[in-house]
Amino acid sequence: MMDLSRRSLSVLLACTALLPGAALAQTDAQARPDTRAMTCAEAAALVARAGAVVMSTGPATYARFVRDGGFCPLPETTQPSWETTRDNPKCFVGYTCRDKFNEGQGRD
């Protein structure tokens with residue numbers, strides 16, 4: 001019986017150790033810039049300044065935007081991306097990376 005309680009304690013401790021990581025992941029998601037909360041100029045300037053940035057684009061969606069093709073892995077290329085911002089429903093914020101050999105198809 002003692003062996004069972006040790007296993008239970010080990011499992012409980014392992015689960016407890018994972019909790020801070022789960023809370024951190026939620027905090028990171030909340031800290032992600034949101035295109036809908038920024039002006040068009042702010043969103044475009046953030047991408048231009050950072051070179052590559054992940055931003056929320058909706059309540060449960062996000063995308064990685066890049067300044068130019070130098071921020072895309074090979075063999076990907078850029079595709080212009082227009083997103084909804086606080087002041088513009090179709091704002092050019094930068095580019096997304098897409099497979100250059102399947103330009104007409106999404107990789108998702």
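This text goes with the structure placed above it.
Residues numbered from 1 in each chain as written. Predicted model: local features only at pLDDT ≥ 70, side-chain atom pairs only at ≥ 80, totals over all residues. Heavy atoms only, no water.

Turning to the overall build of the chain, a few remarks are in order. Looking only at helices and strands, one finds two helices and four strands in the chain. Put simply, the chain runs from its N terminus to its C terminus through helices and strands in the order α-α-β-β-β-β. Residues classed as buried in the chain amount to 23% of the 108 residues present. For the chain, the exposed area adds up to about 7,500 Å²; of that, 59% sits on carbon and sulfur atoms. (Helix = DSSP H or I, 4+ residues; strand = E, 2+ residues; numbered from the N terminus. Buried < 20%, exposed > 50% of the residue type's maximum accessible area, 1.4 Å probe, protein only. Areas by Shrake-Rupley, 256 points an atom, 1.4 Å probe, with all protein chains shown as cover.)

Right, let's get into the state of the cysteines. Using the criterion set out here, one finds two disulfides in the structure. Two residues share a disulfide in this structure: Cys-72 and Cys-97, whose sulfurs sit 2.0 Å from each other. Here the disulfide of Cys-72 and Cys-97 is left-handed, its torsion about the S-S bond being about -85°. Here the residue Cys-72 occupies a position in the loop between strand S2 (62-66) and strand S3 (76-83), and Cys-97 occupies one in strand S4 (residues 91-99), the gap between them amounting to 25 residues. The exposure classification of Cys-72 matches that of Cys-97, with both residues buried. (Disulfide = S-S within 2.5 Å.)

Attention shifts here to the side chain of Ser-81. In this structure, Ser-81 sits in strand S3. Engagement of the side chain of Ser-81 in a polar contact is seen with the side chain of Glu-83, the distance being 3.0 Å. When residues no more than four places from it in sequence are discounted, the contact partners of Ser-81 are Phe-65, Cys-91, Phe-92, Val-93, Gly-94, Tyr-95 and Thr-96. (Polar contact = N/O pair within 3.5 Å; in protein donor to acceptor, adjacent residues only side chain to side chain. Contact = heavy atoms within 4.5 Å.)

Such coordinate-based values are descriptive only and should not be taken to indicate function.
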